[in-house]
Amino acid sequence: MSDRTDPSALQARLIAALWRLLSHARPITLWRLARRLGPLVYRFSARERKVTDINLREVYPQFDESRRAHLARDSLRHSTATMLELGFAWMADPARVEASIQAVHGRELLDEARAEGRGVVVLAPHFGNWEVLNFWLSAHFPFTAMYEPPKIAELDPLIRQGRERMGAALVPTNSRGVAALLKALKRSEAVGILPDQEPDWRGGVFADFFHRPAYTGTLLPKLVARTQARVVTGVARRRQAGEGQPQGFEIHFLAADERVYDADEAIAARGVNVSVEAAIALDPAQYQWEYKRYRKTPEEQQQRSDYRRHRLYR
């Protein structure tokens, strides 16, 4: 038997130790650290910088290069902050996390739906700190969300414990998970889905996202058709106070674009993307622009021989 340490196990222990250490810090301290590390991420993480720059050119063609570069740097600062805040969201004393959420806007959308005996589908894009959003939702409502284990398997128990600690039910990203979401909605509970994560070729349609076709999941219209659930967009935004220093978070729930209720999956997918666009407009720098949202193309789906020419990312 080898006495060498498994590299992934060692990596997991180091990451877990860092999260535990950072869980004792205040959000403003973590933001100050992110402001120092963010420029290094922009300079040395070529992949994140390149994808962010490409996405921002596509989404905001009306901005000049200077404005887009400034937004890219701010976006990577916020993405860095999200990573630093994971320990806080998952491990800090629940009273501290709750106290960091200084305002909740639009809660009545969830309360009214449940009073009518309807479930609520929360579209949770990669904006601000979605783990803080998960904390608040699972602390205040019966809440179910899909969960895919991390690439570093040794981190799975820690992440699962962090996400479940306030009562959230995590279900797999397969047919059993979909069945669990349907049951939760029929009990007039809340469920969360990721509206901006690219599905496989069997699970989506193309719909415009900021004027460019993006392959978008079709799970939402299936859930709505079978449960008559209400749909809202939910984000946990870093709250700016005094010299642009975030002091904590504020939760925003926004009524989804009405097209999300359409039986046509392509129309519903466009409604999903419009809803995400509205959330991003709260503070574009807090969106995770380094994700390859436009990886798939209509030309690839059509199996055109020249589909590579239409790829946004090289």
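Look above for the structure.
Residues numbered from 1 in each chain as written. Predicted model: local features only at pLDDT ≥ 70, side-chain atom pairs only at ≥ 80, totals over all residues. Heavy atoms only, no water.

1. Side note on the overall build of the protein chain
Check the secondary structure of the protein chain and you find 12 helices and 9 strands. Here the C-alpha atoms of the protein chain give a radius of gyration of 20 Å, agreeing with the 20 Å that 2.2 N^0.38 yields for 314 residues. Considered along the principal axes of its C-alpha atoms, the protein chain spans approximately 55 × 50 × 50 Å. Counting across all 314 residues of the protein chain, residues that qualify as buried make up 52%. (Helix = DSSP H or I, 4+ residues; strand = E, 2+ residues; numbered from the N terminus. Rg over C-alpha atoms; globule rule 2.2 N^0.38 Å. Buried < 20%, exposed > 50% of the residue type's maximum accessible area, 1.4 Å probe, protein only.)

2. What to know about the side chain of Gln288
The residue Gln288 is located in the loop between helix 11 (265–280) and helix 12 (298–301) in this model. The exposure class assigned to Gln288 is buried, which follows from its relative accessible area of 18%. Not counting residues up to four positions away in its chain, the partners in contact with Gln288 are Ser79, His126 and Trp130. (Contact = heavy atoms within 4.5 Å.)

3. Focus: the packing of aromatic side chains
Scanning the entire structure with this criterion turns up 13 aromatic pairs. Every member of this aromatic cluster is reached through a ring pair, and the members are Tyr60, Phe63, Phe209, Phe210, Tyr287, Trp289 and Tyr294. Above the ring of Tyr42, the side-chain terminus of Arg49 is found at 5.9 Å from the ring centroid. Its guanidinium or amino end placed over the ring of Phe63, Arg67 lies 3.7 Å from that ring's centre, counting from NZ or CZ. (Phe/Tyr/Trp six-rings, centres within 6.5 Å; stacked < 30°, edge-to-face > 60°. Lys NZ or Arg CZ within 6 Å of the ring centre and 35° of its normal.)

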